[in-house]
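A structural walkthrough
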Amino acid sequence: MMSCGHWDISLITCFFFMVSGVVALSDELPQPENLHLSWNSDRSVILQWSRPAGLDANCQVNYQIELYLEKCPPSGEPERKWRTIGLNHTWDIYTNEICFKILTIPSMCPNKTPSKPLFEGLSQHPDVVKNFTCVYYSRMKMNCTWSLTSESPDLQLFYNSGSGGSQNPCVSYIGSGLIRTGCHLHGEEFLNDSYHFLVNGTHNDAFFQNLFKIEPKQLVKIPPLKLNITTDQKRIYFQSSSPDFQPVCWVYHFYYTKCDEGEKSISGMDSRQSLEYDESCSYRGRVKAIYSSYCGKGESDISEPVYYGVNRDPNWTLKVALITPVIVSCCLIVALVLFRRHKDSIFPEIPAPPLLLKDVLNSNKDKVLEMGKLYVPYEDVVEKISLEPESTFHRCES
Ligand SMILES: *[C@@H]1O[C@H](CO)[C@@H](O)[C@H](O)[C@H]1NC(C)=O
Ligand SMILES: *[C@@H]1O[C@H](CO)[C@@H](O)[C@H](O)[C@H]1NC(C)=O
Ligand SMILES: *[C@@H]1O[C@H](CO)[C@@H](O)[C@H](O)[C@H]1NC(C)=O
């Protein structure tokens, strides 16, 4: 850096010379030639190329290939990468859109740097089947659905596990009439990492084939679970039903409100969780299970809310203990006063029982004991009343 004396201008000049020096020194390798991508079979493609012309015979190179599941030029990360010294590469494909990137890499070629990349893509036109997705919703049950850009009366779906194996045809299609828009897959655990789907048929008298790759364990979605709330006076227990799925894969989240407080949650691997119980509170609970990230990705729908208990004043037991005797005493006093005041109407004087009883017996003898005989009424003894002159009345009064 001695020659670079003056700071501002010289540094830039120095830098410029260093950079251009590197560019001049590095001898970038030429790109592969005659690149060609074509179908090899129903499901595989072959990428072919030739060695770049004008390479020194002593220069040994290999080729780096990257696969992208999108249109060229790619913007995301590559799905796979390979290195080869050969001049072709075949690959099973499982998506409608692929793009290969290839570049020449020096392996024993002094002072050479990798070439600029080349891109070559393949699209499976026409895209008759779109938005292909699956829901793994129960042990051994998965539904895959799609939308159609146009009708295909003879559409068929085949699938196999990503690790190879035979092509399984779809047995029960979802859809209305001749229009198939899904497949209900059942009868096996979908535990393999990935599954490849092929949908083919004819469309406007032309053959089409669309390919898809699905990872069932990343697409778990189960129906809502059932929640029970119980207490033993000390603790309140939230018990969830178990999903019809790998049991070790779930984390249970219980969302609850207590009295008028905001919603809180408690979670764990155990389908039963508990809290300290406050019997003066009403509780509302819901449960949602999340498929643990060790197993994949997914969740249940959230359950219907379940209610337990009623809101009460927290000191209600104390208050009941204090107020009850007071109310009872007041009631007793009022009752006593009322009783004394209305004693006569509550317990009216009862006529002397012997007389009454005798009457009853007499009248019974009349009607029952002497039945058949002529009825002779008892003569009522009536005190004879006689009118007396006014003078007598006055006398009585005085
Ligand atoms: C899956 O498809 C079957 C058959 O059509 C249907 O009964 C079931 O409800 C579907 N389940 C889900 C979660 O889509
Ligand atoms: C669809 O693909 C399957 C399996 O590869 C094949 O047997 C069938 O002939 C294809 N259907 C059409 C209409 O080409
Ligand atoms: C909830 O309680 C009902 C009735 O006691 C019982 O039948 C059911 O199995 C319980 N469910 C759970 C998830 O514990």
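Scope of this entry: the structure provided in the associated data block. Since the structure is predicted, the reported quantities are computational estimates derived from the model, not experimental observations.

What counts and what doesn't
Residues numbered from 1 in each chain as written. Chains lettered and ligands numbered in written order. Predicted model: local features only at pLDDT ≥ 70, side-chain atom pairs only at ≥ 80, totals over all residues. Heavy atoms only, no water. Phe/Tyr/Trp six-rings, centres within 6.5 Å; stacked < 30°, edge-to-face > 60°. Helix = DSSP H or I, 4+ residues; strand = E, 2+ residues; numbered from the N terminus. Buried < 20%, exposed > 50% of the residue type's maximum accessible area, 1.4 Å probe, protein only. Lys NZ or Arg CZ within 6 Å of the ring centre and 35° of its normal. Near = heavy atom within 4 Å. Polar contact = N/O pair within 3.5 Å; in protein donor to acceptor, adjacent residues only side chain to side chain. Areas by Shrake-Rupley, 256 points an atom, 1.4 Å probe, with all protein chains shown as cover. Nonpolar A, V, L, I, M, F, W, Y, C, P; charged D, E, K, R; others polar. Pairing = 2+ DSSP bridges. Axes fitted to C-alpha atoms, helices over the stretch in contact; angles between N-to-C directions. Patch = residues over 30% accessible without salt bridge, like charges linked within 9 Å, V, L, I, M, F, W, Y side chains within 5 Å. Salt bridge = Lys/Arg side-chain N within 4 Å of Asp/Glu carboxyl O. Disulfide = S-S within 2.5 Å.

Side note on the packing of aromatic side chains
- By the definition in use, this model includes 16 aromatic pairs.
- Here Trp49 and Tyr63 contribute two aromatic rings whose centre-to-centre distance is 5.5 Å and whose plane-to-plane angle is 65°, an arrangement assigned as edge-to-face. One end of the pair, Trp49, is in strand E3 (residues 44–50); the other, Tyr63, is in strand E4 (residues 60–68), and 14 residues separate them in sequence. Exposure class is identical for Trp49 and Tyr63. Each is buried.
- An aromatic cluster of at least three residues, connected via ring pairs, comprises Tyr136, Phe190, Tyr195, Phe245, Trp250 and Tyr291.
- The ring of Tyr173 carries Arg180 above its face, with NZ or CZ at 3.7 Å from the centroid.

Looking at the site of ligand 3
- Contacts to ligand 3 come from Asn228, Gln239, Ser240 and Ser241.
- Within the contact set of ligand 3, an oxygen atom lies 2.3 Å away from a side-chain nitrogen or oxygen of Asn228.
- Look at ligand 3: alone it shows 360 Å² of surface, and the protein chains cover 34% of it.
- Of the residues in the shell around ligand 3, the class split is no nonpolar, four polar and no charged.

Some thoughts on the sheet that holds strand E6 (residues 88–92)
- The strand order across the open sheet formed by three strands is E2-E3-E6, and the pairing between neighbours is antiparallel. Strands with a single pairing partner mark the edges of an open sheet, and in this sheet they are strand E2 (33–39) and E6. In this sheet, neighbouring strand axes are inclined to one another by 10° on average, regardless of whether the strands run parallel or antiparallel.

Focus on a nonpolar patch on the surface
- A surface patch of nonpolar side chains, about 300 Å² in accessible area, is lined by Leu322, Ile323 and Ile327.
- Mapped onto the elements of the fold, Ile323 is located in helix H2 (residues 316–341).

Section: the state of the cysteines
- Scanning the entire structure with this criterion turns up six disulfides.
- Shown here is the disulfide that connects Cys249 with Cys295, its sulfur atoms set 2.0 Å apart. Torsion about the S-S bond of the Cys249 and Cys295 cystine: about -85°, corresponding to left-handed handedness. Note that Cys249 is positioned in the loop between strand E20 (235–240) and strand E21 (250–258) and Cys295 in the loop between strand E24 (283–291) and strand E25 (298–300), a separation of 46 residues in sequence.
- Given a relative accessible area of 4%, Cys249 falls into the buried group.
- Across the disulfide, Cys259 is cross-linked to Cys281 (sulfur-sulfur distance 1.9 Å). With the S-S bond torsion at -100°, the cross-link from Cys259 to Cys281 turns out left-handed.

With respect to the site of ligand 2
- Around ligand 2, the neighbouring residues are Asp42, Gln156, Phe158, Gln167, Leu198, Asn200 and Phe207.
- Surface burial for ligand 2 is 58%, taken as the share of its 360 Å² of free accessible area covered by protein chains.
- Of all the secondary-structure elements, those providing two or more residues to the shell around ligand 2 are strand E12 (156–161) and strand E16 (195–203).
- Tallied by class, residues from the shell around ligand 2 come to three nonpolar, three polar and one charged.

From the geometry alone we can't say anything about function, so treat these as descriptive.
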